[in-house]
Amino acid sequence: MRKLKIAAFMPHPDDTEILVGGTLLKYKAQGHDVHVVIAMDGRRGRGHLPDSVSWQEIVAIRHEEARRACAILGVEPIFLDIEDHRLLDDRDCYEKVIAAMECLNPDVVFTCAPNDYHNDHRCLSRLVLNSAWAPVFFAETSCGVDFNPDFYVDITEFIETKIEMARQHQSQFTEDPKETIEIVNRFRALQCRRKEIRYAECFKLYKRFEWVKAYELLPHDDYELPEKIVPTTERN
Ligand SMILES: [Zn+2]
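Residues numbered from 1 in each chain as written. Predicted model: local features only at pLDDT ≥ 70, side-chain atom pairs only at ≥ 80, totals over all residues. Heavy atoms only, no water.

Enquirer: Please clarify how helix α6 (residues 178–192) should be interpreted in this entry.
Expert: For α6, spanning 15 residues, the distance from its first C-alpha to its last is 21 Å, which sits close to the expected 21 Å at 1.5 Å a residue. Buried within α6 we find I181, V184, N185, R188 and A189. For α6, the angular spread of the buried residues around the axis is 135°, confining them to a single face. When the buried face of α6 is taken as reference, the exposed residues oriented beyond 90 degrees from it are E179, I183 and L190. Its buried side turned inward, α6 meets β6 (151–154), α5 (159–167) and β7 (200–205). The positive-phi residue at the C-terminal boundary of α6 is R193, with phi of around 55°. (Helix = DSSP H or I, 4+ residues; strand = E, 2+ residues; numbered from the N terminus. Expected span 1.5 Å × (residues − 1). Buried < 20%, exposed > 50% of the residue type's maximum accessible area, 1.4 Å probe, protein only. Arc of directions from axis to C-beta. Contact = heavy atoms within 4.5 Å.)

Enquirer: I'm lost on the packing of helix α2 (residues 55–73) against α5 in this one. Help?
Expert: Relative placement of two packed helices is described by the angle separating their axes and the distance separating the axes. Taken N-terminus to C-terminus, the directions of α2 and α5 make an angle of 160°; their axes are 8 Å apart at the nearest point. Comparing their axes, α5 and α2 come out roughly antiparallel. At the point where α2 passes α5, the crossing takes the right-handed sense. Packed against α2, whose contacting residues are A69, I72 and L73, the element α5 presents T161, E164 and M165 at the interface. (Axes fitted to C-alpha atoms, helices over the stretch in contact; angles between N-to-C directions. Parallel < 35°, antiparallel > 145°, perpendicular 65-115°, else oblique. Left-handed = near helix turned anticlockwise from the far one by under 90°.)

Enquirer: So what exactly am I meant to see when it comes to the pattern of salt bridges here?
Expert: Where charged atoms from two side chains of opposite charge approach closely, those side chains can pair. The full count for this structure, using the stated rule, is 19 salt bridges. When the shortest N-O distance is used, the salt bridge between D150 and K204 registers 3.7 Å. With a gap of 54 residues between them, D150 in the loop between β5 (136–139) and β6 and K204 in strand β7 connect regions that are remote in the sequence. For D150, a relative accessible area of 29% puts it in the partly exposed group. When salt bridges with common partners are traced through the structure, they connect D41, R43, R44 and E83 into a single cluster. (Salt bridge = Lys/Arg side-chain N within 4 Å of Asp/Glu carboxyl O.)

Enquirer: Which parts of the structure should I look at to understand unusual backbone geometry?
Expert: Only a minority of non-glycine residues have a phi that is not negative, and only a minority of peptide bonds are not trans. With a phi close to 50°, N105 is a non-glycine residue in the positive phi region. Turning to its location among the elements, N105 is positioned in the loop between α3 (91–104) and β4 (108–111). Located in the positive-phi region is D146, a residue other than glycine, with phi close to 55°. With respect to the element layout, D146 can be found in the loop between β5 and β6. In this structure D146 comes out as exposed when scored by relative accessible area, which is 67%.

Enquirer: Looking at this structure, I do not really get the environment of R68. What am I missing?
Expert: With respect to the helices and strands, the residue R68 is situated in helix α2. Among the residues examined, R68 registers a relative accessible area of 31% and is labelled partly exposed. The spatial distance from the C-alpha of R68 to the C-alpha of L205 is 29 Å, given a sequence separation of 137 residues.

Enquirer: Quick question: what am I supposed to make of the nonpolar core here?
Expert: Considering soluble globular proteins, one finds that nonpolar side chains tend to be buried as a cluster. Counting 38 residues, the largest nonpolar core has I6, L24, Y27, L73, V108, F110 and F137 as its most contacted members. Of all the elements, helix α1 (residues 15–29) adds the most residues to this core, at five residues. For Y27, the contacting residues outside a window of four places in its chain are I6, H32, V34, V108, F110, L217, L218 and P219. Listed in part, the 26 residues of the second largest apolar core include I82, L87, L124 and L129. (Core = buried A, V, L, I, M, F, W, Y, C linked by side-chain atoms within 4.5 Å.)

Enquirer: Hey, could you run me through the coordination of the zinc ion in this one?
Expert: Metal coordination angles in their ideal form are 109.5 degrees for the four-donor tetrahedron and 90 or 180 degrees for the six-donor octahedron. Listed as protein donors to the zinc ion are H12 (ND1), D15 (OD), D15 (OD) and H121 (NE2); their distances from the metal cover 2.0 to 2.7 Å. Here the zinc ion is ringed by four donor atoms whose angles at the metal span 51 to 141°, and the overall shape comes out irregular. Read in sequence order, the donor residues coordinating the zinc ion give the pattern H-x2-D-x105-H. Accessibility expressed as a relative area gives 8% for D15, which makes it buried. (Donors = N, O, S within 2.8 Å, 3.2 Å for Na, K, Ca; no water. Tetrahedral: all angles 85-135°; square planar, octahedral: opposite > 155°, others 65-115°.)

Enquirer: Would you take a moment to explain the side chain of S131 for this structure?
Expert: For S131, the location among the structural elements is in helix α4 (residues 119–131). Contacts of S131, omitting those with residues within four sequence positions, involve Y94, V97, I98 and M101.

Keep in mind these numbers describe shape, not what the thing actually does.
This is the structure we're talking about:
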């Protein structure tokens, strides 16, 4: 497989790790060129920080947490620093997204699902679609609500590192993110119906053109199809 340039355009600091962290780790392990773009400045993600902390300090904390998480991936994140909860499908936001897209010129793009729970997520999804020519995969919605995947990526080997990445966003979590990540990715793995797949992330492809073999753009696996497909009449 040729070396691909992968770009994850994610809204808030911490979305990358939760939604696509395992897949990015797998790309990286397979020698691909991985980039992370974080659209929002994170100022309204106060988490459990006290009221005395200013929004400027929150932005600085969230930048630092994102850098630490991405350092585990071996990547320096690109910050677009759009104000939290103020992402719009307008000229200013579009210029920032398309400037990053043109600078990176990726082969494959990941972003949020267009029906995700948060306006910043939905709006970024639209801006990314409007600025990307490369194939775009949508990561699953928060906790998988109303999301029916096209593709799964086995992240069993990377689950612990993914959790470690998420844990770097200490200001955001009152509880360890481990349980949520394990439940969601275990549930998706069960849908794969292969016992060696313990954890999986899943995606939908924006079917614009030349999408039939899109699975070849995802990290490679060596799984063989079963030698024999059991006829319907022999199944129980
Ligand atoms: Zn978010």
